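# Analysis of the macromolecular model
Chain by chain, the residues run as shown.
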Amino acid sequence: MSPTKPAPSGPRRIASRWVGLLLVAPFLLYVLTFLILPLASVVVLSTHQVNDQYHVEPAWTLDNYRRVLDPENLPILLRSARYAGLTSFFCLLAGYPLAWFIARHGGRHKALLLLLVMLPFWTSYLVRIFSWMTLLQTEGLLNGALLGLGVIHEPLGLLNTPFSVVLGLTYGFLPFATLPLYVALERLDGTLLEAAADLGARPATTFWKVVFPLSLPGVVAGGLLTFVPAMGDFVTPEILGGVDTLMIGNLIQQQFLASYDWPFGSALSLVLMGLMLVSILAFLKLVGSTESLA
Amino acid sequence: MEFREVTRRFGNVTAVDRVDLEVQRGAFFSLLGPSGCGKTTTLRMIAGFDEPDSGCIRINGQDVTHLAPFQRRVNTVFQNYALFPHMDVFENVAFGLRRRRLSLREIRSKVEWILGLVRLEGMGRRRIQQLSGGQQQRVALARALVNEPEVLLLDEPLAALDQKLRRDMQFELKRLQKELGITFVLVTHDQEEALTMSDSVAVMNAGRVEQIGPPRDIYDHPATRFVADFIGIANFLPVKVRSVQNGRTTVVLSDREILVPSRKGVDAGAQAELSLRPERLRLTRAAENGNCLPGTVVDSVFMGACTRFSVRVSEDHVLLAEQQNQQQGACVDFNPGEPVWVNWGPASATLLPLVHSAR
Amino acid sequence: MSEPVLRVLAAHPPGPGRREFLGRSLTALAWLGLCGCSDPSRRSLNIFNYSNYIAPDTVSRFRAQTGIAVVYDEFSSQDVLFAKLKLGAGYDLVVASDYMLRRLLRQQLLAPLDDFAHRDGMMERFRHPPWDPDLRFSVPYLWGTTGIGYNRRRVQGIPDSWNALWDPACRGHITMLDEKRDTLGASLIRLGHSGNSVSRTELEAASRALEEQKPLVKQYTNDYIDGLARNEIWLALAWSGDVARARASNPDVDYVLPREGSFVFVDSWCVPREAPHPREAIAFLNYLMQPEPLAQVTNATGFPSTLAGARRRVRADLLENPLGYPPQDMLDRTVFQADLGPGERLWDQVWDQLKFRSGPDAPQGPS
């Protein structure tokens, strides 16, 4: 039996470790510069206060956090969660049949159909939101069509309502739900559906007992991917919203650009981030348990 | 279960071509054939996953041709088992029962009963991923059988198992079928499987049924060259028919006259083929009375229980002959190059009509 | 050739070798590239102005005449302007409203405009504003009033009181400005208080009135010109010039200054202290603050300008009052938006509360 070669010792091993570090260095630098440092500055800022002269003073206080947790901020937080939750729900509702169709009936055109789903993303978000304004206005296309068909006699006040905000958000984030659902449904074994039918399950039963449970990881992913960004959105409520449809994103934006209360805005952002992290972790735990099923 | 003139086309390809089948209640029926012969499509049409373009399917007298799978009292054991990964064994097996809204107590007792039957007692709460291939297959079986269907369909159920397991499962399936008395319809490309387990076999080729019958008939009296070739090993020799008399036909082969059992449709003056099974051929040093041919041994292969000899009987034809190694009176020490006589009894040969068109 | 390049070349006298030549050329090119940034022959200017607050071709004509490239940015609210200036966004020339101008002056964020040439052309009224008596730091540009823009066909009678904005008959078609000084101010005036009050009780009362108004209001927006023109908005808390523009597209639109009183404002150009191109800024002001270009601006925006001589060239329909040049008795009903000092923060709080924490989702109880 020939002796095994000894592991590289001394300078060689040290050298390979340095090479490893060097390769990772650019990424670490990137994370440090664009994640750690800005985050740290926001944390520091959240402990300061702004005075009457609009100067930021390093007061080193947790007062801002107390203000954030003030119950009077609760409504806007709940409203944002409500809108984001509705957005997630409708995105999943609309995205599921779409994903199903592409996954199971797309055939050769799957890639093209997915591209079409993603296509609106390549246009400006703002332009798409404004186009909804045109559609929903009192003298807009939708009202015009409904009036013309005789379905209604007075134009509907659709714009500047919670409806228009949720509609705008749902429209904007639909691809985020469709794609994870597509992935989950594409992996689904077709013979399982045949087996279910074979055992006496009607199509609706097959869906609820077999398809939906197995697509749950996709549902959870799609839900998360729509909830989190919708929660922080401020453009849609600003343009399509009314007076009482503003979301927490607007409140944060206001602090930074109008009220000039950067410390409070920082504290708000951090608390929002924390809430999002907690819900993501909770969801991931859920996915972890469902993934083992699929 | 019966098929009447059932046809199914996919575009230009006719997968199932005017097939007629009749399966007795309580029988173990096999659809046998090579890949692409239409057996799987036929099975799917019985289950309801596919609808025939024309023809009619009846089960217990009821026309089920256009019924959806969940409307038929038919259950399938899939080739890849198709067990529901997000449910445990109990839930998988109980799936069909739950659809029929039986009480929890009934469901529990039936599931326990069937799990016992397939020898999976106590495994109810195991997850599917934790089971071995053989165990999964038995769960699939249990899941289908627990519903006591009118017909149980099995789509190449033993294909994924290793040799020993396959033998065991063949035995199991036969036993279950006898015990439950349910009509089994099995699809396979493995002729040994079909012959060992079935009461009746249908051999399919290119969408048509070439022959239906008990395994013995299929083997001993193949109806067509395809069946003869597909089942077991067969030697084929071209012959010319001289005369037909009293159930016996005289044919001429290499200037020798041979008597074979008559075959309907093969008349005097026709060209035909003779099919001979290797194990029916006897090799001797001297010619015997009856059907025999002279030849030269080309080579021999020791196969454990028997030895297979290749014997050249003419310029174009080499016959395979199997000789039992331990049989009294059998001679097995022929060497390559030796002259030898190939003998067979008159009933051992099958006369086949000549195949004209390439299929 | 610029000096640094010469110095580089001098330090490395021409010698043998192609490699050295390549190295030196690259160095020289790099220097040239860097110099290009501060090369005085390439002049540029960054302007930050209210949206809809200049004529479409003003900037291009200026560039044609002087060769200075202009980067023109717009904002819709004074608060955004302030935030950007505090950030140090690198603007050379901005337009600030009167009260904002006072804040900027107090915070010493502005540079003196010594080379501006046209002070004497100003209308007397704007020549010596109390916040900048010698016009050292600011150049008054356009002015106007805050009032009610309305659709004659959709609104009964003439809405000459602030109460008109609380009219339930126009539910869903009323907009208020996303500008706390104007919206809170209007509500204060409606309740009989001063539009510049810094009393907490008065502000809270004004805020409550606005909360009551909310179910009737479509949106808080500074972008209402389109809405008025398209009959989408029937009553808007609006700026005079904007309404003039809307009227140009839709003759049913009109404007009224409520009898309880309102605000007059003047917006001025000023140069941030850290502006990178102050000379170009002055050049722009010297170009713009003349009768012809300013008249173009008034014609385009609907707002009257502060230059005496410009009036002659303004479109006739804009000279009508109160949209264009309101008469003295009407102006007497208006006040400037005052510098609130420490009261600013109080207004911020009340406004924040109104925008984000009131409404149907809010917890019931003392605000």
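The rules behind each value
- Residues numbered from 1 in each chain as written.
- Chains lettered and ligands numbered in written order.
- Predicted model: local features only at pLDDT ≥ 70, side-chain atom pairs only at ≥ 80, totals over all residues.
- Helix = DSSP H or I, 4+ residues; strand = E, 2+ residues; numbered from the N terminus.
- Buried ≥ 20, exposed ≤ 12 C-beta atoms within 10 Å, placed from the backbone.
- Pairing = 2+ DSSP bridges.
- Axes fitted to C-alpha atoms, helices over the stretch in contact; angles between N-to-C directions.
- Contact = placed C-beta atoms within 7 Å.
- Nonpolar A, V, L, I, M, F, W, Y, C, P; charged D, E, K, R; others polar.
- Core = buried A, V, L, I, M, F, W, Y, C linked by C-beta atoms within 7 Å.
- Domains from an automatic or database assignment.

## Re the overall build of chain B
A tally of regular secondary structure across chain B gives eight helices and 20 strands. With the principal axes as the frame, chain B shows a C-alpha extent of 75 × 45 × 35 Å. Within chain B, the fraction of its 359 residues that count as buried is 39%.

## Observations concerning the sheet that holds strand β3 (residues 28-32) of chain B
Strand-to-strand pairing in sheets goes through backbone hydrogen bonds, with the strands running parallel or antiparallel. Residue and element names in this part refer to chain B. Read across the sheet, six strands follow the order β6-β7-β8-β3-β9-β10 without closing on themselves; strand pairing throughout is mixed. Every other strand in the sheet has two partners, leaving β6 (74-77) and β10 (208-213) as the edge strands with one partner each. On average, each strand axis in the sheet is tilted by 20 degrees relative to the strand beside it, whichever way the strands run. Examined bridge by bridge, strand β9 (residues 200-205) and β10 share five bridges and lie antiparallel to one another.

## Describing the interface of chain C and chain A
Of the residues lining the interface, 29 residues belong to chain C; the matching set on chain A comes to 26 residues. Elements with a minimum of two residues in the side of chain C that touches chain A: α4 (78-87), β7 (217-220) and α15 (343-357) of chain C. For the side of chain C that touches chain A, the leading source of residues is α15(C), giving seven residues. Of the residues contributing to the side of chain C that touches chain A, the split by class is 10 nonpolar, six polar and 13 charged.

## With respect to the arrangement of the chains
Most contacts, among the two pairs of chains that meet, fall between chains A and C. At no point do chain B and chain C touch; the closest pair of C-alpha atoms across them sits 41 Å apart.

## Examining the sheet that holds strand β15 (residues 282-284) of chain B
All names here are of chain B. Judged by pairing direction, the sheet is antiparallel, and its five strands sit side by side in the order β15-β19-β16-β17-β18 without closing on themselves. Every other strand in the sheet has two partners, leaving β15 and β18 (318-324) as the edge strands with one partner each. Between one strand and the next, the sheet's axes are offset by a mean angle of 45 degrees, whatever the strand orientation. Here six bridges tie strand β16 (residues 291-302) to strand β17 (residues 306-312), and the two strands are oriented antiparallel to one another. Paired with valine 301 across the two strands is arginine 308, which belongs to β17.

## Quick notes on the nonpolar core
Ile46(B), Val93(B), Ala142(B), Leu153(B) and Val185(B) are the most contacted members of the largest nonpolar core, which totals 101 residues. Among the elements that line this core, the one with the most residues is helix α4 (residues 133-145) of chain B, at six residues. Looking at which domains feed residues into this core, each of domain 1 (2-227) and domain 2 (233-353) of chain B supplies at least three. Setting aside anything within four residues of it in sequence, one finds Ala142(B) in contact with Val93(B), Ile114(B), Leu115(B), Val118(B) and Leu120(B). If you look at the next biggest cluster of nonpolar residues, it comprises 92 residues, including Tyr91(C), Leu101(C), Leu203(C) and Trp239(C).

## Considering the domain arrangement of chain B
Residue and element names in this part refer to chain B. In terms of domains, chain B is made up of domain 1 (2-227) and domain 2 (233-353). Every contact between the two is made by four residues of domain 1 and, on the other side, five residues of domain 2. Within the side of domain 1 that touches domain 2, the residues separate by chemical class into one nonpolar, two polar and one charged.

## Some points on the interface of chain B and chain A
Counting residues at the interface gives 18 residues for chain B and 17 residues for chain A. When residues of the side of chain B that touches chain A are assigned to their parent elements, the largest contribution, three residues, is made by helix α2 (residues 89-99) of chain B. Residues that form the side of chain B that touches chain A fall into these classes: 10 nonpolar, six polar and two charged.

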